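An overview of the molecular structure
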Amino acid sequence: MLRELTVMRLRPVLLVLVFAAMLAPPDSARAQQQQPAQQQRPPTQTQAPQSGQAGQTGQAPVGPSDPSLAAQGLAPNPTGPAPVFNQRSLADTPGPLRGIERLGQPTQAEGGPTLVQPLGEGPRAMFPLAAVFGAALFTGQPATSSDAPNPNYVLAPGDRVSIRAWGAVDAEQTAAIDPSGNVFIPNVGPVRLAGTRVGDMQGVVAGAVQQVYTQQVQVYANVLQTQRIGVFVTGFVRNPGRYAGAASDSVLDFLLRAGGVDPTRGSFRVISVQRGGNSVAQVDLYRFLLAGTLPRLTLQEGDTILVARQNPLVGADGAVRNNYLFEAATRSPITGRELIDLARPLPAATNAVVRGVRGSQPFSRYVTINDLSGIVLQDQDTVTFTADVAASTVRVSVEGSRLFPSVLVTDRGMNLCQILDHIAVDAALANPRGVFLLRPSVAAQQRRSIDEALDRLERQLFLSPSPTEGVAAVRTAEAQFISSYIQRARRVQPEGRLVVFDSTGRCNPVRLEDGDIIVIPERSQTVMVQGEVNAPQAVVWRPDWTIPQYLAAAGGVSSRGRVDTLMLRRPSGEVILEPTQPPQAGDELIALPYLDPKVFQIARDVFGAIFQVAVATRTFIRP
């Protein structure tokens, strides 16, 4: 009895699971289906026809012209062709795997705040914002003294120079600048070089030599080595102390030897050079970072570089080119105008969220960019720049047997019937009544509905009580068997097809959304008979044939189907259950598997979930 019971209970489930196998055709079959469509797909570029082209191809517009699009150069030639579209493959279906919808979510027409990033930059981590502007200056290895000082270095006693003259006189001298600031050149005399910039030394030496030898004399002079000095680096640096270097080294060189400014405590904007108890120079590294300027300063033995404590710090992220923590120039708080100049918001940025602390309480404010300019920002505030404006246009793609264009950008609120007036097709090849939309939002809804149905089915599979151990064993086998097909069903991607033409051929004025794909299939002279038939195939359409004749041409209904469980699907995606009229050219006649109503509830739920997946993905392939 148990064996008979198991067979009787599993038989209807097996019947449904065979139909479930239709959901995932082999890769080879899918490749064969997609390859012709890819070969026939026209080039995706928008171009106008050449003069006289419309009359040669017998083209006609789909509908009347719209002046609003004509102003944009989108209006078709009055004698131009009408539009056609190709079917989109499942692999190209847009939309997430599993959509999420919340009450109060803004629509596409309403827009909403979005975070954008600069072009050419990979995905950036918005939070937490921890990079201090300027800290990258000190991420390298400590610099060593260069034997070739920069041109702005001022020579001093003890620096070694090389001078060579040739032509009317041949002389070469390598020496250090003496305490008097001179270098002696044979047959010329002493030449004063102390206080001379390295970049001016060549001219000074050449002028002194040419005062003695006025003709045919060439001079070459360069610095071999500058004197060594020791400089103290202290304040809020990582490794304060005394560091040796050349007198030609800059403040940055000594700061790098000390590990750089401490980004959590030190100031990048208030750095002073102390000499003999007095401040001889002030350094603002922001001027170097943004304008490339540093004060002209020659460090001396015993100088002290002092890094002050950090000024108020404010962060900028979101739709900005520079997402850093910026320091104020003084102890006073930074203004919104200063932050805008430093962060450089993108053109898309319209608003900003200011977050911080005021009076020991969390503070947040949402302002426009203009209002942000007049706000005084406090220490540790963070400003997130957003793009909060609804787009006034939508971008729609056109696929299928269309001639042109392949992309349309039009005003928001334009409906499908209006946009079809501006798509040119070959009237002899196109099927304008089969136009349909592929919409990402609909695909997400279909994905969500399928997941909910499969979730309910899984709960019923594994939570159904069993009165006896024998029944429990049977249900366990059923659950494991069906679960594998449920997992395959979850991997199927809905295409988001939206039927826009009714059975009478009237176009429904569906408002277009950004990212929609308009598809018009080509005219077909066949009727595809598939499902539970003995020989699924395409049958040549005959206007006088009835449904039984098409079924007979496909070998008749199989043992798993019945003539009263038929479905007719139009090229537009319209589904007709229990059709009474014969199919038209291009239709699909599908024989659905028959399920005995006496079968237990779970089998009917399996059938319902699988049927929903098959309709959403347009997959009806008999194994």
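Up top is the structure.
A short tour of the structure in this document, coming up. (Residues numbered from 1 in each chain as written. Predicted model: local features only at pLDDT ≥ 70, side-chain atom pairs only at ≥ 80, totals over all residues. Heavy atoms only, no water.)

**A word on helix 12 (residues 469–490)**
Taking 1.5 Å of rise per residue, 22 residues should cover 32 Å, and helix 12 covers 31 Å from first to last C-alpha, within 8% of that figure. All of the buried residues in helix 12 are Val 471, Val 474, Glu 478, Ala 479, Ile 482, Ser 483, Tyr 485, Ile 486, Ala 489 and Arg 490. (Helix = DSSP H or I, 4+ residues; strand = E, 2+ residues; numbered from the N terminus. Expected span 1.5 Å × (residues − 1). Buried < 20%, exposed > 50% of the residue type's maximum accessible area, 1.4 Å probe, protein only.)

**Concerning the pattern of salt bridges**
Throughout the structure, instances matching the rule amount to 22 salt bridges. A salt bridge links Arg 447 to Asp 451, with the shortest nitrogen-to-oxygen separation between them at 3.0 Å. Highlighted residues: Arg 447 and Asp 451, both in helix 11 (residues 440–463), separated by 4 residues, approximately one helical turn. Across the pair Arg 569 and Glu 588 runs a salt bridge, and its minimum N-O distance is 3.0 Å. Of this pair, Arg 569 sits in strand 25 (residues 561–569) while Glu 588 is found in strand 27 (residues 588–593), placing the two residues 19 residues apart along the sequence. Accessibility assignment for this pair places Arg 569 and Glu 588 in one class, buried. One connected set of salt bridges, linked through shared partners, spans Arg 447, Asp 451, Asp 455, Glu 458 and Arg 490. (Salt bridge = Lys/Arg side-chain N within 4 Å of Asp/Glu carboxyl O.)

**Some details on the environment of Ile 340**
With respect to the helices and strands, Ile 340 occurs in helix 8 (residues 336–343). Separated by 18 residues in sequence, Ile 340 and Asn 322 place their C-alpha atoms 9.9 Å apart. Excluding residues that lie within four positions of it along the chain, Ile 340 makes contacts with Pro 345, Ile 369, Leu 372, Ser 373 and Phe 385. (Contact = heavy atoms within 4.5 Å.)

**Let's talk about the state of the cysteines**
One pass over the full model with this rule turns up 1 disulfide. What pairs with Cys 417 in a disulfide is Cys 507, and their sulfur atoms sit 2.2 Å apart. Judged by the sign of its S-S torsion, about -105°, the bond between Cys 417 and Cys 507 is left-handed. Linking Cys 417 in helix 10 (residues 416–419) with Cys 507 in the loop between strand 21 (497–499) and strand 22 (517–520), this pair joins segments that are 90 residues apart in sequence. The exposure class assigned to Cys 507 is buried, which follows from its relative accessible area of 18%. (Disulfide = S-S within 2.5 Å.)

**Topic: the sheet that holds strand 24 (residues 537–540)**
Spatially, 5 strands are ordered 24-23-27-25-26 in an open sheet, and the strand pairing comes out mixed. With one partner strand each, in any of the chains shown, strand 24 and strand 26 (575–577) form the two edges of the open sheet. Each neighbouring strand pair of the sheet contributes to a mean axis angle of 25°, computed without reference to strand direction. Note that strand 25 and strand 27 share 5 bridges and pair antiparallel. Looking at the pairing, Gly 561 lines up with Pro 593 of strand 27. (Pairing = 2+ DSSP bridges. Axes fitted to C-alpha atoms, helices over the stretch in contact; angles between N-to-C directions.)

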